[in-house]
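# Descriptive structure summary
As a plain string of letters, each chain reads:
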Protein chains: 2
Amino acid sequence: MLNIAMAQMKVSPGHPDKNAERMLQMIAEAKQKKADVIIFPEMCIPGYLLGDTWEQPAFLRDCESYGADIIRAAEGIVILFGNVAIDWEKKNNDGRVRKYNALFCAQNGRLIAPDNMPYPFIIKTLLPNYREFDDTRHFFSLQKLAREIGTTAERLLSPLTLDIHGERYRIGGLLCEDGWSDDYSLTPLTELNRHHDIDFFVNISASPYTLGKNEKRNRVFGAEAKAAHTPLFYVNNIGLQNNGKTIYTFDGSSTVYNANGRVISVCPAYEETLCCTELAHIDALPEVTQEHAPSIAHIYRALTYGIREFLAGIHMKKVVIGISGGIDSAVAAALYAKIISPENLLLVNMPSVFNSKTTRSLSEQLAENLGCQYMIVPIQESVDLTKEQLETLPVTNLADKSAHHLHVSSFVMENIQARDRSARVLAGAAAAFGGGFTCNANKAETTVGYSTLYGDQSGFLAALADLWKHQVYELAHYLNDTIYAREVIPQGIIDIVPSAELSSAQNVDEGKGDPIRYPYHDYLFRSFIERWQKATPEDLLTWYTQGTVEENLGCSPGLVQKYFPTAQAFIEDLERWWNLFSGMAIAKRIQAPPILAVSRRAYGFDHREAQDGPYYTRKYRELKAKLLYHSDTLPTGASPSF
Amino acid sequence: MLNIAMAQMKVSPGHPDKNAERMLQMIAEAKQKKADVIIFPEMCIPGYLLGDTWEQPAFLRDCESYGADIIRAAEGIVILFGNVAIDWEKKNNDGRVRKYNALFCAQNGRLIAPDNMPYPFIIKTLLPNYREFDDTRHFFSLQKLAREIGTTAERLLSPLTLDIHGERYRIGGLLCEDGWSDDYSLTPLTELNRHHDIDFFVNISASPYTLGKNEKRNRVFGAEAKAAHTPLFYVNNIGLQNNGKTIYTFDGSSTVYNANGRVISVCPAYEETLCCTELAHIDALPEVTQEHAPSIAHIYRALTYGIREFLAGIHMKKVVIGISGGIDSAVAAALYAKIISPENLLLVNMPSVFNSKTTRSLSEQLAENLGCQYMIVPIQESVDLTKEQLETLPVTNLADKSAHHLHVSSFVMENIQARDRSARVLAGAAAAFGGGFTCNANKAETTVGYSTLYGDQSGFLAALADLWKHQVYELAHYLNDTIYAREVIPQGIIDIVPSAELSSAQNVDEGKGDPIRYPYHDYLFRSFIERWQKATPEDLLTWYTQGTVEENLGCSPGLVQKYFPTAQAFIEDLERWWNLFSGMAIAKRIQAPPILAVSRRAYGFDHREAQDGPYYTRKYRELKAKLLYHSDTLPTGASPSF
C-alpha cells in the first residue's frame, strides 16, 4: 500500500520564504492523512516565471536554504518537490553559475539520487523556449549536461529507487515539458520506461492556464501513460505568475492517469488541495467524468481568479473603472463587481459634447444594477481649455523671434478627449480614491492600436485584452445569464453599435461607430497572432485568390463578399489593418498595461515584437499586382501600399 | 592576390527587400573595386532582432527568395552573407519549421557547401540566450543538429574550400557568438583550426553596440587570431534594431585582425562602408592606432545615431520636449537640437505655482541658446480644475444613494501636475505640431520609478534612460565643451539642485530637491541591474558589515559614513529603494517608452522582470537582526521591513 499525496499548492513567485512555509504546512497535513509520498509542483520554492531574478546569487542561495528545510522535513514521508539546483563549481553559457530546473526527492532527511545521475536530483530534459517560456535562458538541460560529461541523456535518465515500508518502488520523475515531447527527438518518459521497470511516473509542472490546454494534456499524458502501461501523477501549482507584460493564471488541475491512460482523479481548478490516492487502488478507480462547461465559463473563471490574485499581489483594494455605456467597460465593471465589494468599486462616466444621452443613461443604469460607487465627471471644460491653450499661446521661433500658433485638428481633439478621461480624470480619481483604474481594451483594439496612448489604453491591468470582441459579448451574456442571473449589463449596452464617441462621425444614435467590423476583423486579426504558423498579407491574398479566406480564418462564410465587393476593397482593408498591426499598434503595445492571458497567444512577453514598420513580401506584391492590374508585376509608379 | 571586401552595410530589420537591394549595390561597387570576395554581416537579409517575426512562414520564404537573388549575383565575385536558412522538412522544438542562423557562400551563381556539412551553408554553433538575445527561441544550433544526425559539432565544423583565380583557399566561417566562446565547452575557431589548414577566418556578426564592447572584442578576437596564427575578418552591420522595449545601435566597427592578432583595419563606426584589404598584404600592414576618446564621446555618438535612426524609422520629423529648467530635459533638448532642425524642435515650459522663477528663466535661456521653437503653457488652471472637479462632484453610493466626496491630497496633486504636463499639454502639443514628445527620464529615476506614469515617464522614446545621473551631467559638459563649444546648457541648470518642483518641499531656491543622492544611489542602483552577478540587499548588508560598500559599488569612499550615521539609517535607505526597484518601479517600467541602450545592461527586453513584489532573503533578515538588535533572529513583532 502506498498513499500518494498530490500537493496542489499556491506558489508565490519570487518568495521562497512563503512557499517553504506553505509546503511545511502541507507536509504536516499529508502526514496526518497517512500519506507515504507527497508530490509538490515544479519550482514550488522559487516560483517559475521570475524574469531575470535567477541572476541574483543571493536569491539562489536562499532557494537552496529553503530547499534544505524541506529535505529535513522528510521524516516519515517521502517528499518530491521542484526547486532550482545550483552547481556552484560550473558555469552556464552566459558565464553565470550553473542552474538546473530540478526535481528533488527526499527521504529520512536526505536526498535520494536517481540511479544514473551525477547529481542527487532529476534534471529537466526538455526546456521550453517559445511563447512565454525562457527556460534555456537560465537553465542547463540534461542533454547539454550529458554532452559535457561525455554521455547521453538517454543514459542519465533513470528512476528514483526507494524503499518504503519494506517495499521497493521505482519512480519515473519528469518535469513539465518532459511530458510534451512531440517536437523533440527524445521522449523522456519512453526512455525511462524502455530501460527501467517503473512503478509510477510523476510529472511536476508549473503550467500556465490557457483555454483548451487541459483537454490537450489529457490526450497527450493519457496516451503516454497508456503506452507505458504505468500510472502517471501530474502535479501542477495554482496562483498567478507574470513576465511583466503578460500575466498567467495557474489552474492546478493536477491529475492522476491510470495505466490505461484514463483520468481517475482531478484536483479542483484554482484551489489549493492536498489530494491522496492509493497506488494499489488506481486500477480499480472509475474514470472521472470531465466537466464540459462552455469556453466562456472557463474564461470567466480564469479572469476572475487572475484579477483577484493580481489585486492581492499589488495590495490594491479599490478600483476605478471609466464606463462609457459601451460593452467593454460594462463587462469590466460587471467582472470587477464580482471580485471587490461595491464600496470599493467606483465607476466614472466622463461625458463630452459627443456623448449621447443613450450611453450616458446606459452607464448610469449599469452602475445602478451593480449598486457600487458612481461619479460623473464632465470633460468638456478641460478639453476646451486644452484646445484654447494650445491654439492661443504663442509658439516663438527663437531664431527670428517670430510667433505662430498651433492648430488642433478634430482628430487631435479625439485623442485629447481620451487622454483627458484617463490620464487626468481616472488617474486622479483613482489616486484620490486610494486605488487604481482599469484598462478595458479588448484584443481586437489591442491588435491594431485602436485606442489612445495615455488615454483609454492606460490602466493598471488590461484584464480583457486577451479576448476578441465576440468573446467580450459572450462574456456579457454569460455574466447576465449565469453569473448574476439578471440583466446587470443593460441589454441596450449589448445592442448598441460599438463606438468611441469621440466625434460626431461616431454618433451611436445614428448607428455610427468603430471602423472595425468585428465578425470579420476579429478573425483576421487572430490569424496575425494566434495561428501557430502566423498569417501575413501574403497568406490572406493567397486565400482570397483561392476563395478560402473565411475557411482559413474560421469566421462566417460570405463575409468577404459582403464587406468587400472588389479585390481592391479587400486589399485596402487588409493593408489598412496590417499597417496598423505592425506599425503604430506595436508602439502602443510597448507602453500598454500588463495583459491577463487566457488564449493560446497573448500580447506581451508571449508574442515578442520589434518596432520595424509594416512589411509586404515580394510574393504579396506579385499577387496584388495580378489581382489589381492583371499583371505579374506592379506597374511603374504604382505604390505597393495605399 | 585576393582582394577581400568587408561590406559594413546598414541593415533594415524586417525588410529583406531593402536589404537585398542595398547588397546588390554594394556587390556592384565591390566588383568595380576589383574585389574577389565580399563579406556581408550576419542576418543581413532579414535583420537580426525581429521579435517573433520568424514565426511567419511567408516572411521566411521571402528571405529565401531574396537570398536566391544574392546567390545569382555571385558572378565574378565570391559572396559571403548571413541569412536565415530553412529546412522545410524538419521541425524546431516548438513544432515550427527548422530554422538556422546561417552563413552562405556563393560563387558562380551557386552555393558552396562547407566540406563536412549536410547543408550548403554554415550553421551558427553558439546561440546566445542572455541579455537581449533570444537565438535559441528561433534557431537550431549546430550542436543540436549534430546530435540529431548522430555526429558531433566538432566533425561538422569545416571550412569553405574555394578556387579563386586558380588558387585554392580555405575559409573558416563563424557567426558572431561563435567567436565569444569563453563560457561554452566548444570553441569553433579552435576546432576549425585544429583539423584544417585555414587561410583566413571570417566572423559575420550582428553585434549591438554597448559601451566598452569593442575593446573587449579586440582582446578576445585578437587572441583567437593570434592563437590560430591566421587572419580574421570581423564584419558587423550598422543601423538600429529593437526588441520593442529596448533599442540597440549597431556600430559596425568591422575589423581585420592579422595573424598576430593585431588590428590592421577598422571601418568607421556607424558609417556604411565597403572596405577592401589584400589578403597577401595583411602581414605588412601597420597596426591601427585605436581611438581613445572618453566614454562620454562614445555615448554621445551612440545616442545621436540612435535617435536619428529611430526618428527616421518611425517617420517622425518633429519633436516636442518639455523643459523644466532641470538637467535631464536640458540635455535631451541639446541632443535633439543636433539631430533635427530648429524649426522642427519645440521646447515647452509648463509652470505651476511651484516652479521657481529660477527654473523658468533657465528654461527660456536654454531655448534661446538652441534657437528653436518655444512655448510656455501654464498648467495651474487645468490642475486646479481637476482638483475642483474631483473634490466637488459627488460620488454616489448607489447601494443607499448617499453621496460623499473624494479628497485630493498634496501627494496626489504632485502626480496630477506631472500627468497634466505630459498627457495633456505635451501629447496635445506634439499631435498639433505633427510630431512626438520625448521622455527625459534617466536610469536612476527609471530604477526606482521616481517618475509619474502617464506623466514625465511617458513619451515616444526614452533616449537617456540608460544613463545614470552622473552620466547625464557628463553629457551636459561634453555638449557644452566639445559639441557646441559654447554654453548652450546654462551653467545654472548644471549647478541647480535636481528637483521635480511639484511641491513647496521641492523648492530649488531653498536647495530642496530629489530624495535621490546621486553620488551614492547611482552606484547602488547600478549594482541591482548592471553587475553580472546582480546585487541584492543581502550583498549590500554583507558589504556593510565588512566596510566594503563603496569599494564594491565603485562610488567615492566615505559616502556611506557621510549619508548614513547608523546601521539603521543605512538599512532604511536600502529597503526604501529596494522596495521601489522591485515593486512599483516594475509596474512603471512595464508601461515605459522604448529605451535606447548604451550600457552593459539596459531596462526592458535586456533585463526581464516580473511584478512579484520586493523580497528579502533569510540571510538578509539574519544580518539585519544582527546589526539592529545584536541578535541572530528578529525579535518577535519586529517587522522585517520599515
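Once a new chain begins, its residue numbering starts again from 1 and follows that chain's sequence as written. Chains and ligands are labelled by the order in which they are written, letters from A for the one and numbers from 1 for the other. Restriction of local features to residues with pLDDT of at least 70 applies here, the model being predicted, together with a cutoff of 80 or more for giving and counting side-chain atom pairs; totals for whole chains, interfaces and linings are based on all residues. Here the side-chain values reflect all heavy atoms present in the structure, with hydrogen atoms and water set aside.

## As for the sheet that holds strand E12 (residues 246–251) of chain B
Residue and element names in this part refer to chain B. Here 3 strands make up an open sheet; going across it, the order is E11-E12-E22 and the pairing mixed. Edge positions in the sheet fall to strand E11 (238–242) and strand E22 (595–597), since each of these pairs with one other strand and no more. Strand-to-strand twist in this sheet, taken as the mean axis angle between neighbours without regard to direction, amounts to 25 degrees. Paired strands are those between which DSSP finds at least two bridges. Secondary structure is summarised from DSSP: a helix means a run of H or I of at least four residues, a strand means a run of E of at least two, and numbering begins at the N terminus for each. An axis is simply a line fitted to the C-alpha atoms; with a helix, the fit covers only the stretch in contact. Between two such axes, the angle follows the N-to-C directions and lies from 0 to 180 degrees.

## Quick look at the UniProt feature "active site" (unreviewed entry) in chain A
Residues and elements named next belong to chain A. UniProt positions are given in the numbering used here, feature names are shortened, and annotations may be inferred rather than shown by experiment. Feature annotation in UniProt places "active site" (unreviewed entry) on Glu42, Lys124 and Cys176, given in this structure's numbering. For the residues just named, distributed over 135 residues, the greatest C-alpha separation is only 9.9 Å, placing them together at one site. Buried residues are those whose accessible area, probed at 1.4 Å on protein chains only, stays under 20% of the maximum for their type, while exposed residues exceed 50% and partly exposed ones sit between those limits. Of the residues examined, Glu42 reaches a relative accessible area of 1% and is grouped as buried. The contact rule is simple, with two residues in contact once any of their heavy atoms fall within 4.5 Å. Among all residues touching Glu42, those that are not within four sequence positions of it are Tyr48, Gly82, Asn101, Lys124, Leu175, Cys176, Ile204, Ser205 and Ala206. Polar contacts, as counted here, are pairs of nitrogen or oxygen atoms within 3.5 Å of one another; within protein the pair requires one atom able to donate a hydrogen and one able to accept it, and residues that are adjacent in sequence qualify only if both atoms are side-chain atoms. In this structure the side chain of Glu42 is engaged in a polar contact, spanning 2.8 Å, whose partner is the side chain of Asn101.

## Thoughts on helix H2 (residues 57–72) of chain A
A helix is expected to span 1.5 Å multiplied by its residue count minus one. Taking 1.5 Å per residue as the helical rise, H2(A) with its 16 residues ought to reach 22 Å, and the 23 Å between its terminal C-alpha atoms agrees with that figure. Of the positions making up H2(A), those classed as buried are Pro57(A), Ala58(A), Phe59(A), Leu60(A), Asp62(A), Cys63(A), Tyr66(A), Gly67(A), Asp69(A), Ile70(A) and Ile71(A). Taken together, the buried residues of H2(A) touch helix H1 (16–32), strand E3 (78–91), strand E4 (97–107) and strand E5 (110–111) of chain A together with helix H17 (537–546) and helix H22 (618–629) of chain B.

## Description of the pairing of strand E11 (residues 238–242) of chain A
Residue and element names in this part refer to chain A. For E11, a buried count of 5 out of 5 residues is recorded, marking the element as mostly surrounded by other parts of the structure. Because side chains alternate across E11, one face comprises the buried residues Ile238, Leu240 and Asn242, and the other comprises Gly239 and Gln241, equally buried. Where E11 lies against strand E12 (residues 246–251), 5 bridges are found, and the strand directions are antiparallel. Across the sheet, Leu240 pairs through a bridge with Thr249, a residue of E12. Here E11 folds back onto E12, and the loop between the two strands holds 3 residues, one of which, Gly244, carries a positive phi near 85 degrees.

## Section: the side chain of Lys99(B)
Residue and element names in this part refer to chain B. Mapped onto the elements of the fold, Lys99 is located in strand E4 (residues 97–107). Counted as positive: Lys and Arg. Counted as negative: Asp and Glu. His and the chain ends are not counted at all. Every case where a carboxyl oxygen of Asp or Glu lies within 4 Å of a side-chain nitrogen of Lys or Arg is listed as a salt bridge. Despite its burial, Lys99 remains without a salt bridge, the nearest opposite charge being carried by Asp94 at 5.2 Å. Among the polar contacts listed, one links the side chain of Lys99 to the backbone oxygen of Val97, at a separation of 3.1 Å. Not counting the four nearest positions on each side in its chain, Lys99 is found in contact with Trp54, Leu60, Val84, Ala85, Asn92, His138, Phe139 and Phe140.

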